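# Summary of structural features
Listed here are the chains, written in short residue letters.
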Amino acid sequence: MDTKSLFKLTYGLYLLTANHNGKDNGCIINTAVQVANSPDRIAVSVTKGSLTENMIKESRKFNISAISTDAEFSLFEHFGMKSGRDINKFADFTDVKRSPNELFYLTKWANAYISVYVQEIVDLGSHTLFIGQMVGGEVLSDKESCSYAYYHANIKPKPAASSGVKGWRCTICGYEYEGEELPSDFICPLCKHPASDFEKM
Ligand code: FE
């Protein structure tokens with residue numbers, strides 16, 4: 001089985017936002033898809049145990065903002081590589097507004113947002129799948145949507161020519177692991193991606 005075949009699947013990138021007990025949080029996901037119509041249903045998959053996942057389980061609602069190609073790396077760094085348990089991600093991030101469901105959506109670097117009411121929750125082991133009905137949404141700009149491939153080719157900083165470190169580099173965020181062998185159950189401490197997303201330096 002060649003798991004590299006998984007890299008041939010195409011994905012978009014989204015800011016997933018939630019609110020529970022008056023606290024806002026958000027994270028970056030590449031797993032949002034419309035899975036049915038009449039009514040329109042959306043599914044998102046989120047790392048189990050993350051703060052956003054916990055908040056959606058409790059509040060049963062979320063927004064996804066579709067990230068556009070003009071987005072800067074700082075957006076991915078801010079929402080994708082930090083935990084809302086350590087910082088309030090919206091304390092110094094003001095390019096958001098509240099949609100009618102009272103959740104934040106991105107007003108910059110996004111071309112649309114969609115509001116979803118959760119109807120089904122499926123435990124997938126590493127991730128939780130939320131399936132729900134679209135209850136709101138708006139097109140925000142005519143800029144192109146940012147695919148996962150576009151992020152890798154054009155937004156993510158290129159790794160330094162040679163840092164001299166021997167080990168493994170996370171292809172998602174650039175985190176460097178020092179050591180000859182990368183444990184197969186290793187999880188990137190920055191972006192939480194698994195060992196399969198690392199490449200040898
Ligand atoms: Fe990483």
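As shown above, the structure is provided for reference.
Read on for a plain summary of the structure. (Residues numbered from 1 in each chain as written. Predicted model: local features only at pLDDT ≥ 70, side-chain atom pairs only at ≥ 80, totals over all residues. Heavy atoms only, no water.)

## Overview of the nonpolar core
The nonpolar side chains of a soluble globular protein tend to be buried, and buried together. Core analysis: the biggest nonpolar cluster contains 32 residues, and Leu13, Ile67, Leu75, Phe76, Leu106, Tyr151 and Phe198 have the highest contact counts within it. Counting residues per element, the ones that place at least two in this core are helix H2 (73-80), strand E7 (104-106), helix H3 (148-155) and strand E10 (167-170). Counting residues per element, this core draws most heavily on H2, which supplies 4 residues. If sequence neighbours within four positions are ignored, leucine 13 has contacts with Ile28, Ile29, Asn30, Ser65, Ala66, Ile67, Phe76, Cys146, Ser147, Tyr148 and Tyr151. One finds Cys27, Ala32, Ile42 and Phe62 within the second-largest nonpolar core, a separate group that totals 18 residues. (Core = buried A, V, L, I, M, F, W, Y, C linked by side-chain atoms within 4.5 Å. Buried < 20%, exposed > 50% of the residue type's maximum accessible area, 1.4 Å probe, protein only. Helix = DSSP H or I, 4+ residues; strand = E, 2+ residues; numbered from the N terminus. Contact = heavy atoms within 4.5 Å.)

## Examining the pairing of strand E1 (residues 14-20)
For E1, a buried count of 6 out of 7 residues is recorded, marking the element as mostly surrounded by other parts of the structure. Sheet topology note: the E1/strand E2 (residues 23-29) ladder contains 7 bridges and is antiparallel. Each residue of the ladder has a partner; that of asparagine 19, found in E2, is aspartate 24. Between E1 and E2, which pair antiparallel one after the other, the connecting turn spans 2 residues, and asparagine 21 there sits at a positive phi close to 50°. (Pairing = 2+ DSSP bridges.)

## Section: the packing of aromatic side chains
Aromatic rings in a pair are described by how distant their centres are and how their planes are angled relative to each other. In total, this model carries 9 aromatic pairs according to the counting rule given. Taken together, a centroid distance of 4.9 Å and an interplanar angle of 80° make the contact between phenylalanine 79 and phenylalanine 93 edge-to-face. Remark: phenylalanine 93 occurs in the loop between H2 and strand E6 (96-98) and phenylalanine 79 occurs in helix H2; sequence separation between them is 14 residues. Residue phenylalanine 79 is classed as buried on the basis of its relative accessible area, which comes to 1%. The exposure class assigned to phenylalanine 93 is buried, which follows from its relative accessible area of 12%. With centroids separated by 4.7 Å and ring planes inclined at 35°, the aromatic side chains of phenylalanine 90 and phenylalanine 104 adopt a geometry described as tilted. Remark: phenylalanine 104 occurs in strand E7 and phenylalanine 90 occurs in the loop between H2 and E6; sequence separation between them is 14 residues. In terms of burial, phenylalanine 90 and phenylalanine 104 fall into one category: buried. Grouping aromatic residues by their ring pairs yields a cluster made of Phe79, Phe90, Phe93 and Phe104. The ring of tryptophan 109 has lysine 108 lying over it, and the distance from NZ or CZ to the ring centre is 4.4 Å. (Phe/Tyr/Trp six-rings, centres within 6.5 Å; stacked < 30°, edge-to-face > 60°. Lys NZ or Arg CZ within 6 Å of the ring centre and 35° of its normal.)

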